[in-house]
Amino acid sequence: ETLKEGWDQVYPEGSHEVTLPTSIVYGIERYSGDVYGVDVLAGTSWLEFEMPTPPGANSASPNGLAYNPENGYLYYTDYQLGTTPDTLYFWDGTAQGVAGQIAAGTVACGDIDNGKYYYIPSNTDDLYEVTFNPDGTIDTDTKLDDISDDVQRWTFDGDIAVKGGV
């Protein structure tokens, strides 16, 4: 059964497995901001790049890390360390670029689906969608929804993951 291009779901001998199109995940090291790649199947990790300044680093910045498979860029923000609202940066594999300033707040969580960056600003439950120009900079930044009319706004200070679209 095919779930999404590159993802396969199988049920060998009564178990449930999902095979991923890649086994690589990325994470930001707290306080240094350095970005590491991890191959979860091979059990290996490596320093992908040292975080330039800006955005700098503290216990929460940079934040909103997301990988865009369409251009191979890693996106992240200067969570409460630079501009307000945050600036969205990208790493193109060799250098940091500035995608632009986001529309609202500081990014509590972010993810990418179909080449679009989705984020929820801190202390809100508002979902935004960012589209990109071919050079990786912000094209549009649109508020899609106030998910619960701010009833749950304090419970969204964590990460989001996109599954099969939004």
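Right above here is the structure, for reference.
Rules used throughout
Residues numbered from 1 in each chain as written. Predicted model: local features only at pLDDT ≥ 70, side-chain atom pairs only at ≥ 80, totals over all residues. Heavy atoms only, no water. Pairing = 2+ DSSP bridges. Helix = DSSP H or I, 4+ residues; strand = E, 2+ residues; numbered from the N terminus. Axes fitted to C-alpha atoms, helices over the stretch in contact; angles between N-to-C directions. Salt bridge = Lys/Arg side-chain N within 4 Å of Asp/Glu carboxyl O. Buried < 20%, exposed > 50% of the residue type's maximum accessible area, 1.4 Å probe, protein only. Phe/Tyr/Trp six-rings, centres within 6.5 Å; stacked < 30°, edge-to-face > 60°. Core = buried A, V, L, I, M, F, W, Y, C linked by side-chain atoms within 4.5 Å. Contact = heavy atoms within 4.5 Å.

**Overview of the sheet that holds strand β8 (residues 73–77)**
Consideration 1: Spatial strand order, β7-β8-β9-β10: 4 strands in an open sheet with antiparallel pairing. Two strands close off the open sheet at either side, each with one partner strand: β7 (63–68) and β10 (96–101). Direction aside, neighbouring strands of the sheet carry axes that sit 25° apart on average.
Consideration 2: Pairing analysis gives 5 bridges linking strand β9 (residues 87–91) to β10, with the strands arranged antiparallel. Note on β10: the bridge partner recorded for Phe90 is Gly97.

**Considerations on the pattern of salt bridges**
Consideration 1: Going through the model one piece at a time under the given rule, you end up with 2 salt bridges.
Consideration 2: Among the salt bridges present, the one from Glu129 reaches Lys116, with a minimum N-O distance of 3.8 Å. Here Glu129 is found in strand β13 (residues 126–132), whereas its partner Lys116 is found in strand β12 (residues 116–121), with 13 residues between them in sequence.
Consideration 3: Residue classification places Lys116 among the partly exposed residues on the basis of a relative accessible area of 30%.
Consideration 4: Between Lys143 and Asp126 there is a salt bridge; the shortest N-O distance is 3.6 Å. In this pair, Lys143 is assigned in strand β14 (residues 138–146) and Asp126 in strand β13, connecting sequence segments 17 residues apart.
Consideration 5: Lys143 gets classed as partly exposed once you look at its relative accessible area, which sits at 42%.
Consideration 6: A relative accessible area of 10% places Asp126 in the buried class.

**Comments concerning the packing of aromatic side chains**
Consideration 1: Enumeration over the complete set of coordinates arrives at 11 aromatic pairs.
Consideration 2: Here the aromatic rings of Tyr75 and Phe90 are separated by 5.8 Å at their centres, their planes lie at 55°, and the arrangement is tilted. Pair noted here: Tyr75 is in strand β8 and Phe90 is in strand β9, with a separation of 15 residues, a long-range link. In terms of burial, Tyr75 and Phe90 fall into one category: buried.
Consideration 3: Centre to centre, the rings of Tyr117 and Tyr119 are 6.1 Å apart; their planes meet at 35°, and the pair counts as tilted.
Consideration 4: A relative accessible area of 0% means that Tyr117 is categorised as buried.
Consideration 5: Taking the relative accessible area as the measure of exposure, Tyr119 reaches 0% and is therefore buried.
Consideration 6: Cluster of aromatic residues (ring-pair linked, three or more members): Tyr73, Tyr75, Phe90, Tyr117, Tyr119, Tyr128 and Phe132.

**Structural notes on the nonpolar core**
Consideration 1: By size, the foremost hydrophobic cluster in this structure holds 16 residues, and its most contacted members are Tyr75, Leu88, Ala99, Tyr117, Tyr119, Val130 and Phe132.
Consideration 2: The set of elements that each furnish at least two residues to this core consists of β8, β9, β11 (107–113), β12 and β13.
Consideration 3: Residue contributions to this core peak at 3 residues, all from β13.
Consideration 4: For Leu88, the contacting residues outside a window of four places in its chain are Tyr75, Tyr76, Thr77, Val98, Ala99, Gly100, Ile102, Tyr117, Phe132 and Ile138.
Consideration 5: Among the nonpolar cores identified, the runner-up in size contains 8 residues, and Met51, Leu65, Leu74 and Tyr76 belong to it.

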